[in-house]
Amino acid sequence: MSYSILVTPTATNDIAVAIEYYNALSADLGYRFADLVAIYFERIAILPSASAVRYKNVRCKPMKRFPYLITFTIDEDNHSVSILRVFNTYQEPLG
């Protein structure tokens with residue numbers, strides 16, 4: 001059974017900014033990015049423990065084709081995953 005995915009407002013904003021940026025570069029590139037994010041969310045929902053723990057209980061899933069890292073936590077009690085950030089690895093962490 002898949003875990004439910006909860007996306008934080010920060011992660012939602014990260015995705016929206018990336019879509020806007022990529023669509024400005026090339027028509028539909030942002031939407032291809034969004035489609036890939038959705039695929040990664042599905043993979044995480046199926047087997048969240050497959051991603052490496054990086055910081056305490058925060059796990060990271062790097063994306064292919066785009067320089068992004070999806071950070072998330074697992075709540076085993078509620079059988080859910082909280083997506084914390086969809087972080088551009090070319091950015092400064094606190095920038």
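The structure this text deals with has already been given above.
Residues numbered from 1 in each chain as written. Predicted model: local features only at pLDDT ≥ 70, side-chain atom pairs only at ≥ 80, totals over all residues. Heavy atoms only, no water.

## Digging into the side chain of R59
What counts, and what does not: Only DSSP runs of H or I reaching four residues or more are called helices, and only runs of E reaching two or more are called strands; each is numbered from the N terminus. Remark: exposure states derive from per-residue accessible area (1.4 Å probe, protein chains only) relative to the maximum for the residue type, with buried under 20%, exposed over 50%, and partly exposed in between. Note on charges: Lys and Arg go in the positive column, Asp and Glu in the negative column, and His and the chain ends are not counted at all. Any Lys or Arg side-chain nitrogen located within 4 Å of an Asp or Glu carboxyl oxygen qualifies as a salt bridge. Here a polar contact is recorded for every N or O atom pair within 3.5 Å, except that within protein the pair must consist of a potential hydrogen donor and a potential acceptor, and residues adjacent in sequence are included only if both atoms are side-chain atoms. Contacts were defined at the residue level, with two residues in contact if any of their heavy atoms lie within 4.5 Å.
You can see R59 is positioned in strand β3 (residues 58–62). The side chain of R59 sits in the buried core without any salt bridge; E76 is the nearest counter-charge, 6.6 Å away. Within the structure, the side chain of R59 is placed 2.6 Å from the backbone oxygen of S51, a separation counted as a polar contact. Sequence-distant contacts of R59, defined by excluding residues within four places in its chain, comprise P48, S49, S51, A52, V53, I70, T71, F72 and I74.

## Notes on helix α1 (residues 9–25)
Selection rule: Multiply 1.5 Å by the residue count of a helix minus one, and that product is the helix's expected span. Regarding the arc, it is the one traced by the directions from the helix axis to the C-beta atoms.
Taking 1.5 Å of rise per residue, 17 residues should cover 24 Å, and α1 covers 25 Å from first to last C-alpha, within 8% of that figure. By the burial criterion, the buried members of α1 are A11, D14, I15, A18, I19 and Y22. Projected down its long axis, α1 carries its buried residues within an arc of 130 degrees, all on one side. Of the residues in α1, the exposed ones pointing more than 90 degrees away from the buried face are P9, E20 and A24. Buried residues in α1 make contact with β1 (4–7), α2 (29–46), β4 (68–75) and β5 (80–88).

## A few points about the packing of α1 against α2
Put simply, the rule is: Each axis is a line fitted through C-alpha atoms, and for a helix only the stretch in contact is used; angles between axes span 0 to 180 degrees, taken between their N-to-C directions. Gly counts as polar in this scheme, as do all residues outside two lists: the nonpolar Ala, Val, Leu, Ile, Met, Phe, Trp, Tyr, Cys and Pro, and the charged Asp, Glu, Lys and Arg.
Between α1 and α2, the least distance of the axes is 6 Å, while the angle of their chain directions is 145 degrees. Within the contact between the two elements, α1 uses I15, A18, I19, Y22 and N23 and α2 uses L29, G30, Y31, F33, A34, V37 and F41. Class assignment of the residues belonging to the contact of α1 with α2 gives a composition of 10 nonpolar, 2 polar and no charged.

## Some words on the pattern of salt bridges
Two side chains with opposite charge may pair up if their charged atoms get near one another. Following the criterion strictly, the structure yields 1 salt bridge and no others. For R85, the salt bridge is made with D14, and the minimal N-O distance between the two is 2.6 Å. One end of the pair, R85, is in strand β5; the other, D14, is in helix α1, with 71 residues separating them in the sequence.

## What to know about the environment of E76
Along the chain, E76 falls in the loop between β4 and β5. Taking the C-alpha atoms as reference points, E76 and Y3, separated by 73 residues in sequence, lie 8.8 Å from one another. Here the side chain of E76 touches Y3 through a polar contact of 2.8 Å, side chain to side chain.

## Side note on the pairing of β3
Put simply, the rule is: Here a strand pair is declared whenever DSSP counts at least two bridges between the two strands.
Sheet topology places strand β2 (residues 52–55) next to β3; 3 bridges connect them, and they run antiparallel. If you follow V53 over to β3, its bridge partner there is R59. Linking β2 to β3, which pair antiparallel, is a turn of 2 residues; within it K56 sits at a positive phi near 50 degrees. As judged from the 4 bridges shared by β3 and β4, these two strands associate in the antiparallel manner. Directly across from R59, in β4, lies its bridge partner F72. Between the antiparallel neighbours β3 and β4 lie 5 residues, among them R65 with a positive phi of about 75 degrees.

Taken by themselves, the reported measurements are silent on function.
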